[in-house]
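Each chain, letter by letter, is given below.
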Amino acid sequence: MLDTKDIMDVITDHLAANDTYRLSEDEHLTFLQDLETITNLVTAAKIDAATHAEERGLHARYGCKSVSVLLREKLKLNHADATRRTRLVHELPALPHTREAVYAV
């Protein structure tokens, strides 16, 4: 199971340290690239979680007519973000190359 609390702590500590100015230009570019990879992996994890929520009928349990509504109401996502994520839940399995790109490290 992904330890989301630990990840939040690490990122919060990094932001509090505010020490990226110490990186060389090459290190800073690598840091930016690594953050982009982390962002893509988190996106993949969010899509997987939304997929499992839909499979479990979580939206119905919370009185929502769809996963998109659940994401808007419980996660406070705006309509466009919830719709995009729900679309990925439904369409990504049929797009293997896109799926590989999103899940790539």
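Before reading further, recall that the structure is shown in the block above.
Conventions adopted
Residues numbered from 1 in each chain as written. Predicted model: local features only at pLDDT ≥ 70, side-chain atom pairs only at ≥ 80, totals over all residues. Heavy atoms only, no water. Helix = DSSP H or I, 4+ residues; strand = E, 2+ residues; numbered from the N terminus. Rg over C-alpha atoms; globule rule 2.2 N^0.38 Å. Buried < 20%, exposed > 50% of the residue type's maximum accessible area, 1.4 Å probe, protein only. Contact = heavy atoms within 4.5 Å. Areas by Shrake-Rupley, 256 points an atom, 1.4 Å probe, with all protein chains shown as cover. Lys, Arg positive; Asp, Glu negative; His and termini not counted. Charge placed at Lys NZ, Arg CZ, Asp CG, Glu CD. Core = buried A, V, L, I, M, F, W, Y, C linked by side-chain atoms within 4.5 Å. Axes fitted to C-alpha atoms, helices over the stretch in contact; angles between N-to-C directions. Parallel < 35°, antiparallel > 145°, perpendicular 65-115°, else oblique. Left-handed = near helix turned anticlockwise from the far one by under 90°. Nonpolar A, V, L, I, M, F, W, Y, C, P; charged D, E, K, R; others polar.

Okay, the overall build of the chain next. For the chain, the count of helices and strands is 6 helices and 0 strands. The helix and strand sequence of the chain, counted from the amino end, reads α-α-α-α-α-α. Taking 105 residues into account, the globule formula puts the C-alpha radius of gyration at 13 Å, and the chain, at 17 Å, lies well above it. Based on the C-alpha atoms only, the size of the chain along its principal axes is roughly 50 × 30 × 25 Å. Buried positions account for 18% of the 105 residues belonging to the chain. For the chain, the share of sequence-separated contacts (at least 6 apart) that also reach a separation of at least 24 residues comes to 38%. Accessible area for the chain stands at about 8000 Å²; split by element, carbon and sulfur atoms hold 56% of it. Measuring between centres, the 13 positive side-chain charges of the chain sit 14 Å from its 17 negative side-chain charges.

Now for the nonpolar core. Listed in full, the 10 residues of the largest apolar core are Ala 44, Ile 47, Ala 50, Val 67, Leu 71, Leu 77, Ala 82, Val 89, Leu 92 and Val 102. Those elements that provide at least two residues to this core are helix 2 (25-56), helix 4 (67-75) and helix 5 (79-91). By residue number, the principal contributor to this core is helix 2, which donates 3 residues. Excluding residues that lie within four positions of it along the chain, Ala 82 makes contacts with Ser 68, Leu 71, Arg 72 and Leu 77.

Close contact between helix 4 and helix 5 brings their axes to 8 Å; oriented N to C, the two are set at 135°. In terms of their interaxial angle, helix 4 and helix 5 are classed as oblique. In this structure, helix 4 meets helix 5 at a crossing whose hand is right-handed. Listed contacts from helix 5 to Val 67, Ser 68, Leu 71, Arg 72 and Leu 75 of helix 4 are His 79, Ala 82, Thr 83, Arg 85 and Thr 86. For the contact of helix 4 with helix 5, the per-class residue count stands at 4 nonpolar, 4 polar and 2 charged.

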